[in-house]
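Listed below are the residues making up each chain.
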Amino acid sequence: MNPKLSKSKSEEWFKRAKAVIPGGVNSPVRAFTSVGETPPFITKGSEAYLWDEDGNQYIDYVCSWGPLILGHAHPEIVKTVKSAAENGLTFGAATRNEVILAEIIQSAIPSIQKLRLVTSGTEAAMTAVRLARAFTGKKMILKFEGCYHGHADPFLVKAGSGLLTFGTPSSRGIPEEVSSSTLVAHYNAEADLDEIFMKQGKDIACVIVEPVAGNMGVVLPKLGFLEKLSSLCRQTKTVLIFDEVITGFRTCYGGYQNLCGISPDLTCLGKIIGGGLPMAAVGGKNEIMSLLSPEGPVYQAGTLAGNPAAVAAGIATLKVLNQKKEKIYEELEQKTAWLTSKIKNAAEKLKLPIKINRMGSMFTLFFSDNPVESFSDVISSRTNLYKPFFKEMLENKIYLPPSAFEAWFMSTAHRQQDLEKTAQYAEKAFIKVKAALTLL
Ligand SMILES: *Cc1c(COP(=O)(O)O)cnc(C)c1O
């Protein structure tokens, strides 16, 4: 049995944090607001485990929100980063390893002819849109409700009512002029796409989509949806952007596009390609990418872009993944399938309706009677049941995403014994959920 979760030190740090950092955190979901808990302050990660200020050891299914496909502090990556650091942390100048990382990515993803390294997924998506606008001379962008592309102004919009709406800002501080250039459509609503493109196709510079949605929880693309999107983009000379910041090197070696066989014009990458350090990339067709400064007229820059330590971590990660790719992705698939089927069985035993959406080693548990195939399905699932589930799992030191709208990640470091423990505690947590259900 696990000793009881203690949290007094994390509580103290959180109090101190809130006095100096807005909400006490440097990225909102870390505050555990939607699950009503105090966030553990993390001191260390190794393999599939995290430790906090109070000495609790957790099995981690957040994996830093996706980058850690090889688990925490993988020896190969740590060694590479250490030796890179000894040679200087940043030069703001060209280095050989940037070329090598770019070549590795280019050869893994056929649609990427050229790419630029940036420091965050936000920057990658922002740059992709600027390139698309420059390339097409058009202004509007189309995104899907529930997909996330970082926090740049044009993406922080939500749909109004109706089939196709001009975005309204989902954050204060975004001018109407900006949000009104973003169109918001329903993910997986293939039937809507014809009408959208018929009405607006001549004004749409680009469509940006998570080919497998990961930021409303995992929602898989329905057969035909991405194909339809791709064909409409081609017909209307609209740039198709796959945001593979999560799915790149997660769903297979390369991008999800390698699996689904659709070739986007531009691709955004991040998370795994930095192996845990800040690193992202935007890449795609040569005729679009060559518009980037200094080759072309589209400005983009970064003081720490292609940072030597981050590049080293990225190369080390992709090398490990590439060397044993058949084995690694097969094992991830097996482990995740095993765990999710155990969780499903546990819920079924209690007659608790759940759905687990999964693509390889990324998955989300929804408390729902119905299949979850769109943002409105996500919203109408019983997200309030996630809180008692999460709380019981945390008590038992299983560290899950602190929100019902997120993906869980498996790493190569998770062992069978970790999965067994997780499945056992999930069963206990479902009992708590049943109890909460009778109170609701
Ligand atoms: C995480 C994420 C981003 C943003 O990346 P940051 O590095 O957090 O800026 C963009 N798109 C998708 C699909 C993501 O999951």
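The structure presented is a predicted model; accordingly, all values stated were derived computationally and were not measured.

Student: I keep staring at the overall build of the chain and nothing clicks. Help me out?
Tutor: Within the chain, the regular secondary structure consists of 14 helices and 17 strands. The principal-axis extents of the C-alpha atoms in the chain amount to approximately 60 × 55 × 45 Å. In the chain, which comprises 440 residues, the proportion classed as buried is 54%. Restricting the contact set of the chain to residue pairs at least 6 apart, pairs at least 24 apart contribute 72%. When the accessible surface of the chain is totalled, it reaches about 19300 Å², and 53% of it is carbon and sulfur. Taking the average location of the 49 positive side-chain charges in the chain and that of its 43 negative ones, the two points are 3 Å from each other.

Student: Sorry if this is basic, but what is going on with the domain arrangement of the chain here?
Tutor: Many structure descriptions define interface size as the accessible area lost when the parts assemble. The domain boundaries assigned to the chain delineate domain 1 (8-61 + 326-439) and domain 2 (75-323). Distance between the C-alpha centres of domain 1 and domain 2: 26 Å. The interface is formed by 20 residues belonging to domain 1 together with 24 residues belonging to domain 2. Across the interface of domain 1 and domain 2, roughly 1800 Å² is buried in total on both sides, 65% from carbon and sulfur atoms. Counting the contacts that link domain 1 with domain 2 gives one salt bridge. Our count for the domain 1 to domain 2 interface comes out at eight residue pairs in polar contact (both at pLDDT 80 or more). Every element with two or more residues in the side of domain 1 that touches domain 2 is listed here: α11 (325-349), β14 (355-359), β15 (362-366) and α12 (375-380). In terms of residue count, the dominant contributor to the side of domain 1 that touches domain 2 is β15 (four residues).

Student: Explain the nonpolar core here, please?
Tutor: Taken as a class, soluble globular proteins show a tendency for nonpolar side chains to be buried jointly. By size, the foremost hydrophobic cluster in this structure holds 70 residues, and its most contacted members are F249, L318, L321, F367, F389 and F430. The element best represented in this core is helix α10 (residues 308-323), accounting for eight residues. When residues are assigned to domains, this core turns out to be shared by domain 1 (8-61 + 326-439) and domain 2 (75-323), each giving three or more. Apart from residues no more than four positions distant in its own chain, L318 is found in contact with L101, I104, I105, F249, Y253, I272 and I273.

Student: Got a minute to help me understand the sheet that holds β14 in this structure?
Tutor: The strands that make up a sheet pair up through hydrogen bonds in the backbone, lying either parallel or antiparallel. Spatially, the three strands line up as an open sheet ordered β14-β15-β17, and their pairing is antiparallel. In this open sheet, the two strands that pair with only one neighbour each are β14 and β17 (408-409). Where β14 lies against β15, five bridges are found, and the strand directions are antiparallel. Looking across to β15, one finds that K355 is bridged to F366. Across the sheet, α11 touches β14, β15 and β17, and the angle it forms with β14 is around 175°.

Student: Would you explain the packing of aromatic side chains in this entry?
Tutor: Note on aromatic pairs: each is described by the distance of the centres and the angle between the planes. Evaluation of the coordinates by the stated rule reveals 16 aromatic pairs. For the ring pair Y58 and Y399, a centre distance of 5.7 Å and an interplane angle of 65° mean the geometry is edge-to-face. Highlighted residues: Y58 in strand β3 (residues 57-60) and Y399 in strand β16 (residues 398-399), separated in sequence by 341 residues. Judged by relative accessible area, which is 2%, Y58 ranks as buried. Judged by its relative accessible area of 11%, Y399 falls in the buried class. When the ring centre of Y253 is taken as origin, the NZ or CZ atom of K325, which lies over that ring, is 5.1 Å away.

Student: Please explain the site of the ligand as it appears in this structure.
Tutor: Taken together, the residues surrounding the ligand are S120, G121, T122, Y148, H149, G150, E210, N215, D243, V245, I246 and K271. Taking T122, its side chain carries an N or O atom lying 2.7 Å from an oxygen atom of the ligand. Between a nitrogen atom of the ligand and a side-chain N or O atom of D243, the distance comes to 2.7 Å. Here the ligand, which alone exposes 380 Å², has 82% of that area covered by the protein.

Student: Hey, could you run me through the pattern of salt bridges in this one?
Tutor: Should the charged atoms of two oppositely charged side chains come close, the side chains can pair. Within the structure shown, the criterion is met by 16 salt bridges. Taking the shortest distance from any N to any O, the salt bridge between E427 and K349 comes out at 2.9 Å. Of the two residues, E427 is situated in helix α14 (residues 416-439) and K349 in helix α11; the sequence distance between them amounts to 78 residues. Using a relative accessible area of 62% as the deciding quantity, one classes K349 as exposed.

Student: Just to check I follow, could you spell out the sheet that holds strand β2 (residues 49-52) for this structure?
Tutor: Taken in spatial order, the four strands line up as β1-β2-β3-β16 in an open sheet, and their pairing is mixed. Taken across any chain shown, the strands that pair with only one partner, and hence form the sheet edges, are β1 (42-46) and β16. Relative to β3, β2 runs antiparallel, the two being bridged by three bridges. Counterpart to Y49 in the pairing with β3 is I59. In the packing of α14 onto the sheet, contacts are made with β2, β3 and β16, and the angle to β3 comes to roughly 95°.

Rules used throughout
- Residues numbered from 1 in each chain as written.
- Predicted model: local features only at pLDDT ≥ 70, side-chain atom pairs only at ≥ 80, totals over all residues.
- Heavy atoms only, no water.
- Helix = DSSP H or I, 4+ residues; strand = E, 2+ residues; numbered from the N terminus.
- Buried < 20%, exposed > 50% of the residue type's maximum accessible area, 1.4 Å probe, protein only.
- Contact = heavy atoms within 4.5 Å.
- Areas by Shrake-Rupley, 256 points an atom, 1.4 Å probe, with all protein chains shown as cover.
- Lys, Arg positive; Asp, Glu negative; His and termini not counted.
- Charge placed at Lys NZ, Arg CZ, Asp CG, Glu CD.
- Domains from an automatic or database assignment.
- Buried area = accessible area lost by both parts, 1.4 Å probe.
- Salt bridge = Lys/Arg side-chain N within 4 Å of Asp/Glu carboxyl O.
- Polar contact = N/O pair within 3.5 Å; in protein donor to acceptor, adjacent residues only side chain to side chain.
- Core = buried A, V, L, I, M, F, W, Y, C linked by side-chain atoms within 4.5 Å.
- Pairing = 2+ DSSP bridges.
- Axes fitted to C-alpha atoms, helices over the stretch in contact; angles between N-to-C directions.
- Phe/Tyr/Trp six-rings, centres within 6.5 Å; stacked < 30°, edge-to-face > 60°.
- Lys NZ or Arg CZ within 6 Å of the ring centre and 35° of its normal.
- Near = heavy atom within 4 Å.

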